[in-house]
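Summary of structural features
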Amino acid sequence: MSSEVKPVEEGMHTITPHLVCANCHEAIEFYKKAFGAIEVMRSPMPDGKVGHAMLRIGDSQLFLADEFPDYGSFGPLSLKGSPVTIHLAVPNVDALWASATAAGATVRMELADAFWGDRYGQLVDPFGHVWSMATHIRDVSPEEMEEAMKRECA
């Protein structure tokens, strides 16, 4: 390995979500409209499906690919749901919420001021992926958090 080659490429983080979507071309366009994603690259397969794509949302990368059932690669619509939630921490959650719902995301948990100090909500995109999004609006001490958790869960 050359000393000039960085083991983690510039702009990459330790963890990068890699989403499988039915009709990845549409998913890419949705993420652009809904979340202001910037398309970094897209590699089409000979049959026109997306073999690999990379988007940037804020300071983070997102990988995408079409479903490839022959290789065991399925998206949440084929699997009838996903246990994974992708979290977006943003400066203006209300604006992003409006953009995402206008683009076709459905509300899973209404946007509201949460007891842990975030303005927070959850959406499901048209491809079955769950997105939580938040703007931090106040600092909460561990003691206050514990008390609020007891009240909310009582």
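Throughout what follows, the structure given in this document is the object of discussion. Predicted model only: the values in this text are computed from it and were never measured.

1. Some words on the state of the cysteines
With the rule as written, the count across this model stands at zero disulfides. With no disulfide of its own, Cys24 lies 5.4 Å from the sulfur of Cys21, the closest cysteine sulfur. The buried category is assigned to Cys24, whose relative accessible area is 0%.

2. Here we look at the nonpolar core
With 28 residues, the main nonpolar core has Leu19, Tyr31, Phe35, Leu62, Leu64, Trp131 and Met133 as its most contacted residues. Contributions of two or more residues to this core are made by β1 (18-21), α1 (24-35), β3 (50-57), β4 (60-66), β5 (85-89), α3 (93-103) and β8 (130-136). At seven residues, the largest contribution of residues to this core is made by α1. Look past the residues within four positions of Leu64 in its chain and what remains in contact with it is His18, Leu19, Cys21, Cys24, Ile28, Tyr31, Val50, His52, Ala53 and Leu55.

3. Observations regarding α1
Compared with the 16 Å implied by 1.5 Å per residue over twelve residues, the 16 Å span of α1 between its first and last C-alpha is a close match. Buried within α1 are the following residues: Cys24, Ala27, Ile28, Phe30, Tyr31, Ala34 and Phe35. The buried side chains of α1 occupy one side of the element, clustering within an arc of 165° when seen end-on. Of the residues trailing α1, Gly36 is marked for its positive phi of about 70°.

4. Examining the packing of α1 against α3
The N-to-C vectors of α1 and α3 enclose an angle of 145°; their axes lie 7 Å apart at closest approach. Contacts between α1 and α3 involve Phe30, Lys33, Ala34 and Phe35 from the former and Leu96, Ser99, Ala100 and Ala103 from the latter. Residues that form the contact of α1 with α3 fall into these classes: six nonpolar, one polar and one charged.

5. Overview of the sheet that holds strand β2 (residues 38-44)
With mixed pairing, the four strands of this open sheet are ordered in space as β1-β4-β3-β2. Both edges of this open sheet fall to β1 and β2, since each of them pairs with a single strand only. Each strand axis lies, on average, 20° off the axis of its neighbour in the sheet, ignoring direction. When β2 meets β3, the two strands line up antiparallel, connected through six bridges. Bridged to Arg42 within β3 is Ala53. Contacting β1, β2, β3 and β4, α1 runs over the sheet at an angle of about 180° to β2.

6. Side note on the side chain of Asp66
Turning to its location among the elements, Asp66 is positioned in strand β4. Despite its burial, Asp66 pairs with no opposite charge, the nearest such side chain being Lys49 at 5.8 Å. A polar atom in the side chain of Asp66 sits 3.2 Å from the backbone nitrogen of Asn23. At 2.7 Å, the side chain of Asp66 and the backbone nitrogen of Val50 are in polar contact. Leave out the neighbours within four places in its chain, and Asp66 touches Val20, Cys21, Ala22, Asn23, Cys24, Lys49, Val50 and Ser73.

Calculation rules
Residues numbered from 1 in each chain as written. Predicted model: local features only at pLDDT ≥ 70, side-chain atom pairs only at ≥ 80, totals over all residues. Heavy atoms only, no water. Disulfide = S-S within 2.5 Å. Buried < 20%, exposed > 50% of the residue type's maximum accessible area, 1.4 Å probe, protein only. Core = buried A, V, L, I, M, F, W, Y, C linked by side-chain atoms within 4.5 Å. Helix = DSSP H or I, 4+ residues; strand = E, 2+ residues; numbered from the N terminus. Contact = heavy atoms within 4.5 Å. Expected span 1.5 Å × (residues − 1). Arc of directions from axis to C-beta. Axes fitted to C-alpha atoms, helices over the stretch in contact; angles between N-to-C directions. Nonpolar A, V, L, I, M, F, W, Y, C, P; charged D, E, K, R; others polar. Pairing = 2+ DSSP bridges. Lys, Arg positive; Asp, Glu negative; His and termini not counted. Salt bridge = Lys/Arg side-chain N within 4 Å of Asp/Glu carboxyl O. Polar contact = N/O pair within 3.5 Å; in protein donor to acceptor, adjacent residues only side chain to side chain.

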